[in-house]
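An overview of the molecular structure
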Amino acid sequence: MWVSADRERCISGGRCMAATSEVFDQDEDGIVVVLTSNPAPEQEDRVRRAAYLCPSRAIRIGDGPSGG
């Protein structure tokens with residue numbers, strides 16, 4: 001799995017970070033920061049939940065090792 005975030009779409013909701021702080025954080029303005037673009041298999045369900053919970057749909061996920 002790969003994950004990325006569109007920082008321009010982010011509205012600083014923080015739901016992604018609440019779902020999995022191992023993968024997402026926020027910068028000083030509250031905008032999403034992806035800590036790892038290839039989360040571990042045991043994190044995948046939480047990453048999918050984070051994408052689902054994102055009110056601005058800023059999180060993108062896909063299959064495979066990278067979002068290239």
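Presented here is an overview of the structure given in this document. Only a predicted model underlies this, so the values are computations on that prediction, with no experimental measurement involved.

Thoughts on the side chain of Thr20
Within the secondary structure, Thr20 sits in the loop between α1 (15-19) and β2 (24-26). Residue class for Thr20 comes out buried when judged on its relative accessible area of 1%. Engagement of the side chain of Thr20 in a polar contact is seen with the side chain of Glu22, the distance being 2.8 Å. The contact partners of Thr20, leaving out residues within four places of it in the chain, are Arg46 and Val47.

Focus: unusual backbone geometry
Of note, Ser12 is a non-glycine position whose phi angle comes to about 65°, a positive value. Mapped onto the fold, Ser12 is located in the loop between β1 (2-5) and α1. Positive phi values are uncommon outside glycine, yet Arg57 reaches one of about 55°. Within the secondary structure, Arg57 is located in the loop between α2 (44-53) and β4 (59-62).

So, the nonpolar core
In this structure, Val3, Cys16, Phe24, Val47, Ala50 and Ile59 are the most contacted members of the largest nonpolar core, which totals 15 residues. Elements represented by at least two residues in this core include exactly α1 and α2. In terms of residue count, α2 provides more of this core than any other element does, three residues in total. Discounting chain neighbours no more than four positions away, the residues touching Val47 are Met1, Val3, Thr20, Val23, Phe24, Pro39 and Ile61.

Thoughts on the environment of Arg9
Take Arg9: it is sitting in the loop between β1 and α1. When the C-alpha positions of Arg9 and Ile59 are compared, they lie 9.0 Å apart, and in sequence the two are 50 residues distant. Setting aside chain neighbours within four positions, we find Arg9 in contact with Ser56, Arg57, Ala58 and Arg60.

Details of the pattern of salt bridges
Summed over all chains, the structure comprises three salt bridges. The salt bridge partner of Arg7 is Asp27, with a shortest N-O separation of 2.7 Å. Remark: Asp27 occurs in the loop between β2 and β3 (32-34) and Arg7 occurs in the loop between β1 and α1; sequence separation between them is 20 residues. A relative accessible area of 41% means that Arg7 is categorised as partly exposed.

Cut-offs and rules
Residues numbered from 1 in each chain as written. Predicted model: local features only at pLDDT ≥ 70, side-chain atom pairs only at ≥ 80, totals over all residues. Heavy atoms only, no water. Helix = DSSP H or I, 4+ residues; strand = E, 2+ residues; numbered from the N terminus. Buried < 20%, exposed > 50% of the residue type's maximum accessible area, 1.4 Å probe, protein only. Polar contact = N/O pair within 3.5 Å; in protein donor to acceptor, adjacent residues only side chain to side chain. Contact = heavy atoms within 4.5 Å. Core = buried A, V, L, I, M, F, W, Y, C linked by side-chain atoms within 4.5 Å. Salt bridge = Lys/Arg side-chain N within 4 Å of Asp/Glu carboxyl O.

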